[in-house]
Amino acid sequence: MAVFCLGAAAPASSPVSQLSGRYSEHFLNGMVDGSTYWADNIVEVVPVDATHAFVQLSLEFYNGHQCGLSGIATAEGKALVYHEPADGVAEGKCHLSLTHAGTKLGIDDDGGSCSVYCGARGTLSGIGLPWKSKRPITYLPQLKASHEYTDALAAWRKTKDGQ
């Protein structure tokens, strides 16, 4: 399995290397009128350097509500933590952590700090995707060419460089 990153490789015990990959969950979702449809939750984690990773979440909830967020997260202890830049949508208040929590990729946003990225029935608080769903990302060139990735990298570099 090849690991692609822009900088130095993260140590195996680092959350950057431990969490990198694609997580997914395909499930039967519902609408308020009683109808059902198939939905997918997807989280992608791509190493940027030894202590940072691009994270992208696309989660679906009842009645068609969604949560979507992407940015550069930092390794903090055993977690990858996204701290929204101060000029972001939620004015720097969104703090999202990803961890390996037993049989899940744990996702938590400190009790709703990232709720602006979710529809009315969506949440990024205390949820998870099956750890066993973790797969290598086989479409890295396309993902790295996406505006989500390039915008997140540009915003991170701007913050990192103190501009």
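Predicted model only: the values in this text are computed from it and were never measured.

Peer 1: What exactly am I supposed to notice about the overall build of the protein here?
Peer 2: The helix and strand tally for the protein stands at three helices and eight strands. Burial statistics for the protein: of 163 residues in total, 39% are counted as buried. Long-range pairs, those at least 24 residues apart, make up 51% of the contacts in the protein between residues at least 6 apart in sequence. Of the roughly 8,500 Å² of accessible surface on the protein, 55% is carried by carbon and sulfur atoms.

Peer 1: Please explain the confidence of the model for the protein as it appears in this structure.
Peer 2: Reading fine detail from the predicted coordinates is not recommended where pLDDT is low. Here the protein averages 88 in pLDDT, while 87% of its residues score no lower than 70. Taken element by element, the protein is modelled with least confidence in helix H3 (residues 147-160), mean pLDDT 91, and with most confidence in helix H2 (residues 140-145), mean pLDDT 97. Note on residues 1-8: pLDDT under 50 across the span, and 18 contacts to partners over four residues away in sequence or across chains.

Peer 1: Before we go on, may I ask you to explain H3 in this structure?
Peer 2: In an α-helix there are 3.6 residues to a turn, and that puts residues three or four apart on one side. Across its 14 residues, H3 extends 19 Å between first and last C-alpha, which sits within 8% of the 20 Å expected from 1.5 Å per residue. Within the span of H3, buried status applies to Tyr-149, Ala-152, Leu-153 and Trp-156. Buried positions in H3, seen along its axis, are confined to an arc of 100° and lie on one side of it. Against strand S2 (36-49), strand S3 (52-60), strand S4 (66-76) and H2 lie the buried residues of H3.

Thresholds applied
- Residues numbered from 1 in each chain as written.
- Predicted model: local features only at pLDDT ≥ 70, side-chain atom pairs only at ≥ 80, totals over all residues.
- Heavy atoms only, no water.
- Helix = DSSP H or I, 4+ residues; strand = E, 2+ residues; numbered from the N terminus.
- Buried < 20%, exposed > 50% of the residue type's maximum accessible area, 1.4 Å probe, protein only.
- Contact = heavy atoms within 4.5 Å.
- Areas by Shrake-Rupley, 256 points an atom, 1.4 Å probe, with all protein chains shown as cover.
- pLDDT = per-residue confidence, 0-100.
- Expected span 1.5 Å × (residues − 1).
- Arc of directions from axis to C-beta.

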